[in-house]
Structure formats: C-alpha cells, structure tokens
Amino acid sequence: MSGHKHPISTVLVVEDDVLINMAPVMSIRNRGYLVLSAANAGEAMLVLEVHSEIDVLFTDVKMPGSIDGLGLALAARSSHPHIEIVIASGTFRPTEQELPARAVFLPKPYSAEQIGDILRDLIDDAPRLVA
C-alpha cells in the first residue's frame, strides 16, 4: 500500500545549520508529514516535552551545546520510548552499541529518496498497536 495508513505523522528535525536543515525539512514535508524543527538538543528536548505527537526524531550528531545529537537520541529514547530515531552524520559513524535501541543511522550526504525510504519503513510500514 502506498500513502499514509495512519493520521499525519510528525517528525522533529534537529540540525544547527540552517542551510543543511532545509533539505530534510523540505523532503519530509513534501512526503506529507508534519515537520517541527529545533537548532540544538536543548531546544529539541523542549519540543519533545510539548509535542507528544512526535513520531520520529531526525537528528544530526554534531551541534552546539552540552548535548550532541547522539546524547539527544539516547535521552529521547529514555523519556519517549515510542519515538523512532534517525541519526545523521557526515563525520561520525556510531557503532551499533552507541545507538539507542531501534535507531537508524543515515550517513551524510543523504538523498531525499533515502529520507523518504527510512520514514516509510519507520512510520508508514510499521505495525501500530490500536488502543
């Protein structure tokens, strides 16, 4: 089946470089997802607390502040176990042990198609429990 099987999903994109941030944000929006954005881990944690509807955290590793994207992903997994996580980097390649459970690593540079494929796998094709 193509298209969303569920209500519109929300993706939080965390990237400190405004120009780099535009590519994943536009790619994700063009696929019909709602996109929220944050410039660093501290801002992202605040967004996660306010927006419980976030389905996916899409974060860069290197960013300013006391917590990098990997630390953000670990904290998000702990406080929001339902959330799916995509970690992107062009300079750092985490080991499987460094990644949070169920996290996906996406090496930079990545294409809009790669982002779409990952989101489809994580959101659209994922089985959901009905309450």
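What this report covers is the structure whose coordinates are included nearby. (Residues numbered from 1 in each chain as written. Predicted model: local features only at pLDDT ≥ 70, side-chain atom pairs only at ≥ 80, totals over all residues. Heavy atoms only, no water.)

Concerning the packing of aromatic side chains
Our working definition: For this analysis, a ring pair means two rings from Phe, Tyr or Trp (six-membered ring only for Trp) whose centres lie within 6.5 Å, classed as stacked if their planes differ by under 30 degrees, edge-to-face if by over 60, and tilted for the remaining angles. Only DSSP runs of H or I covering at least 4 residues are called helices, and only runs of E covering at least 2 are called strands; the numbering of each starts at the N terminus. Only protein chains enter the accessibility calculation, which uses a 1.4 Å probe; a residue is then buried when its area is under 20% of its type maximum, exposed when over 50%, and partly exposed in between.
A full pass over the atoms with the stated rule returns 1 aromatic pair. Residues phenylalanine 58 and tyrosine 110 carry aromatic rings whose centres are separated by 5.8 Å and whose planes lie at 80 degrees to one another, so their mutual orientation is edge-to-face. Here phenylalanine 58 is found in strand β3 (residues 54-60), whereas its partner tyrosine 110 is found in the loop between β5 (104-107) and α4 (112-124), with 52 residues between them in sequence. Neither phenylalanine 58 nor tyrosine 110 differs from the other in exposure class; each is buried.

Considerations on α4
Which entries qualify depends on this criterion: Every residue pair with non-hydrogen atoms within 4.5 Å of one another is taken to be in contact.
Within α4, burial applies to Ile115, Gly116, Ile118, Leu119, Leu122, Ile123 and Asp124. At its buried positions, α4 is contacted by β1 (10-14), α1 (18-30), β3, β4 (84-89) and β5.

Thoughts on the side chain of serine 9
Examined against the element boundaries, serine 9 turns out to sit in the segment before β1. The class of serine 9 is buried, set by a relative accessible area of 4%. In contact with serine 9, not counting residues within four places along its chain, are Tyr33, Leu34, Asp55 and Ile123.

Side note on α1
For the record, the criterion: Multiply 1.5 Å by the residue count of a helix minus one, and that product is the helix's expected span. Any pair of N or O atoms that falls within 3.5 Å is considered a polar contact. Within protein, one atom must be able to donate a hydrogen and the other to accept it, and sequence-neighbouring residues count only if both atoms are side-chain atoms.
Here α1 spans 18 Å end to end across 13 residues, near enough to the 18 Å set by a 1.5 Å rise per residue. Buried residues along α1 sit against β1, β2 (34-38), β3 and α4. Looking at where α1 begins, the residue whose side-chain oxygen comes 2.9 Å from the main-chain nitrogen of leucine 19 is aspartate 17.

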